[in-house]
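Survey of secondary and tertiary structure
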Amino acid sequence: MPASPSTARVINDRLALNLLQQEGPLTAGRLKELTGLSRPSVADLVERLSAAGLIQVVGESGEQRRGPNAKVYGIVADRAHLAALDVRTEGVSVTVSDLVGRVLAEASAPIDTGVGTGPAVEQAVALVERAVKEAGVDRPHTVGIGAPGLIDPATGELRSSSGLPEWHRRLVAAIQERLPEARVSVENETNLAALAEQRDGAARDRDTFVLLWLGMGVGAAVMLDGTIRRGASGGTGEIGFLPVPGTAGLPSATGCDGGFHSLACAAAITELAVTYGVTATPEPGEPEAAALVRTATAEPSLPPHTAFLNTLADRLALGAAAVTSVLDPGCVVLAGEIGGAGGPCLATLVQSRLAALSPLPTEVRASELGGEAVLRGALLTARERAQEELFGYHSSGRPDA
């Protein structure tokens, strides 16, 4: 059945807003081309969205032509503000942005493992409040948090884990208490990294791939047909528990020692470097394991570096082969600080070994975002959630205030 005029307007407005989110500012002429709507229909929707305070003129096109330049329309950036957090075992990073993702303030701080849960939570919340104040924002509309651990698919909450500090779980509630009007959500850090790599990084041309996170711990994110898969209990991608050859034992339900974690975590990579005599000087804020991999890939022909990288690639291929044999994703992204440090050199080595282990053709790529992927993913999800709410429509067809 044909849509009613009011329904058609809602559909057209939503289409235009989606394009402005994805493409950035556009002229009315370009909106006409991308939507396929008539010129009068585009003029009407531009007028409606402008009157609703959702879009505004942000400049003029630079096209060389006779007559005046065309107006360029964009989403009203200060309609709402966002905060994103990357919560790690050893500290927190925060970014505050406007509605189109322009960063207004950034901050990070270590959290001493020796402090209690209460002081750790207070340090993290205070960091968020300082960043919001520095950005000149009264309050963030939406807060997106990326954290290690399992997210309960039924409640959306971070589940308790014996391997993670208690302040992680307390932090979400504390932020909601201190910012009561904000919409606060938490997502597994590896899933957020995959979203960021798919939107802005190494997997831009893929809607099916697996991201292998290599950091202090290891994990995987699974994106199939453009959707992150979390599993029945939120545990999809807990690859650290994967039993693999080459370890001293087997993992257990309470610990991943003896699993893939024992071969590919930061501590294991550091120990491997000692075995081959590889040394490195970390850059400010860089994990030691990432510095070792970066140094080795900078001069891969040196015998110690060659041996170190070959053994590391052998190890990583075991985890990658297990994932690809079940999912056949066609692409694996090596992410996290260590995956980013390894770059194309390490990715190529892993791909060659994976080709020998599995009959399924799989491209291995290096992360383009490195350790920044989690924060980028948290900001993307906060932005999308805020825009969904602000750009929603009542049945009357009028934009929500």
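Refer to the structure above for everything that follows.
Here is a short report on the structure shown in this document. Worth saying up front: this structure is predicted, and the values here are computed from it rather than measured. Residues take numbers from 1 onward in each chain, read along the sequence in its written order. Restriction of local features to residues with pLDDT of at least 70 applies here, the model being predicted, together with a cutoff of 80 or more for giving and counting side-chain atom pairs; totals for whole chains, interfaces and linings are based on all residues. Side-chain measures were taken over the full set of non-hydrogen atoms in the model, leaving aside hydrogen atoms and water.

The next subject is the pattern of salt bridges. Whenever Lys or Arg places a side-chain nitrogen within 4 Å of a carboxyl oxygen from Asp or Glu, that contact is recorded as a salt bridge. For the structure shown, the criterion picks out 22 salt bridges. As a salt-bridge pair, Arg102 and Asp98 come within 2.7 Å of each other at their nearest N and O atoms. Ionic pairing is found between Glu187 and Arg230, a salt bridge with its closest N-O pair at 2.4 Å. Remark: Arg230 occurs in the loop between strand 11 (227-228) and helix 7 (261-264) and Glu187 occurs in strand 8 (residues 183-188); sequence separation between them is 43 residues. Strands here mean DSSP runs of E at least two residues long; helices mean DSSP runs of H or I at least four residues long; both are numbered from the N terminus.

The subject of this paragraph is the packing of helix 6 (residues 189-200) against helix 12 (residues 373-390). At their nearest, the axes of helix 6 and helix 12 sit 7 Å apart, and the two run at 80 degrees to each other. Taken together, the axis directions place helix 6 and helix 12 in an arrangement best described as roughly perpendicular. Taking contact as the criterion, the partners of Glu189, Leu192, Ala193, Leu195, Ala196, Glu197, Arg199 and Asp200 in helix 6 are, on helix 12, Ala373, Val374, Arg376, Gly377, Ala378, Leu380, Thr381 and Glu384. For the contact of helix 6 with helix 12, the class distribution of residues is eight nonpolar, two polar and six charged. For helices, the axis comes from a line fit to the C-alpha atoms of the stretch in contact; other axes are also lines fit to C-alpha atoms, and the angle between any two N-to-C directions lies between 0 and 180 degrees. An angle below 35 degrees is treated as roughly parallel, one above 145 as roughly antiparallel, one from 65 to 115 as roughly perpendicular, and anything else as oblique. Any two residues whose heavy atoms approach within 4.5 Å are treated as being in contact. Asp, Glu, Lys and Arg are counted as charged, while Ala, Val, Leu, Ile, Met, Phe, Trp, Tyr, Cys and Pro are counted as nonpolar; the rest, among them Gly, fall into the polar class.

So, about the sheet that holds strand 2 (residues 55-60). With antiparallel pairing, the three strands of this open sheet are ordered in space as 1-3-2. One side of each edge strand has no neighbouring strand; the edge strands of this open sheet are strand 1 (26-27) and strand 2. Think of it this way: DSSP has to see at least two bridges between two strands before they count as a pair. Where strand 1 and strand 3 (residues 71-75) come together, two bridges link them in antiparallel fashion. Across the sheet, residue Leu26 finds its bridge partner in strand 3, namely Tyr73.

Once that is clear, we can look at empty space enclosed by the protein. Over the atoms rolls a probe the size of a water molecule, and in doing so it shows where empty space is left. Using a grid of 1 Å spacing that covers the protein atoms alone, one calls a set of points a cavity when a 1.4 Å probe fits there but cannot get out, and a pocket when the set is open and has protein on both sides within 12 Å along at least five of seven lines; lining residues are those with an atom within 4 Å of a point. Grid points are joined across faces, edges and corners, and a volume is the space filled by probe spheres set on the points. Under the counting rule described, the total for this entry stands at one cavity of 30 Å³ or more. Volume-wise, the largest cavity comes out at about 30 Å³. Around the largest cavity, the lining residues are Val87, Ile145, Ala147, Leu158, His168, Leu171, Val172 and Val186. Only strand 7 (142-147) and helix 5 (166-178) provide two or more residues apiece to the lining of the largest cavity. The greatest single-element share of the lining of the largest cavity, amounting to three residues, is contributed by helix 5. Taken together, the residues that form the lining of the largest cavity break down as seven nonpolar, one polar and no charged.

The next subject is the nonpolar core. Side chains of nonpolar character tend, in soluble globular proteins, to be buried together. Residues Ile55, Phe209, Leu211 and Val333 are the most contacted members of the largest nonpolar core, which totals 45 residues. Considering every element that reaches this core, the biggest residue donor is helix 12, with nine residues. Each residue touching Leu211, except ones within four places of it in the same chain, is listed here: Thr190, Ala193, Ala194, Glu197, Gly219, Ala220, Ala221, Val333 and Ala335. Formed by 41 residues, the second largest nonpolar core is a distinct cluster that contains Val210, Val222, Val244 and Leu354. Buried Ala, Val, Leu, Ile, Met, Phe, Trp, Tyr and Cys residues that are joined via side-chain atoms within 4.5 Å together make up what is termed a nonpolar core. For each residue, the accessible area found with a 1.4 Å probe, counting protein chains only, is set against the maximum for its type, and the residue is called buried under 20%, exposed over 50%, and partly exposed in between.

This part takes up the packing of helix 1 (residues 5-23) against helix 3 (residues 39-51). Relative orientation of the contacting elements helix 1 and helix 3 amounts to 75 degrees, with a least axis distance of 10 Å. One way to sum up the angle between helix 1 and helix 3 is to call them roughly perpendicular. Note on element contacts: helix 3 touches helix 1 through Leu45, Arg48 and Leu49, opposite Arg9, Asn12, Asp13, Ala16 and Leu17. Within the contact of helix 1 with helix 3, the residues separate by chemical class into four nonpolar, one polar and three charged.

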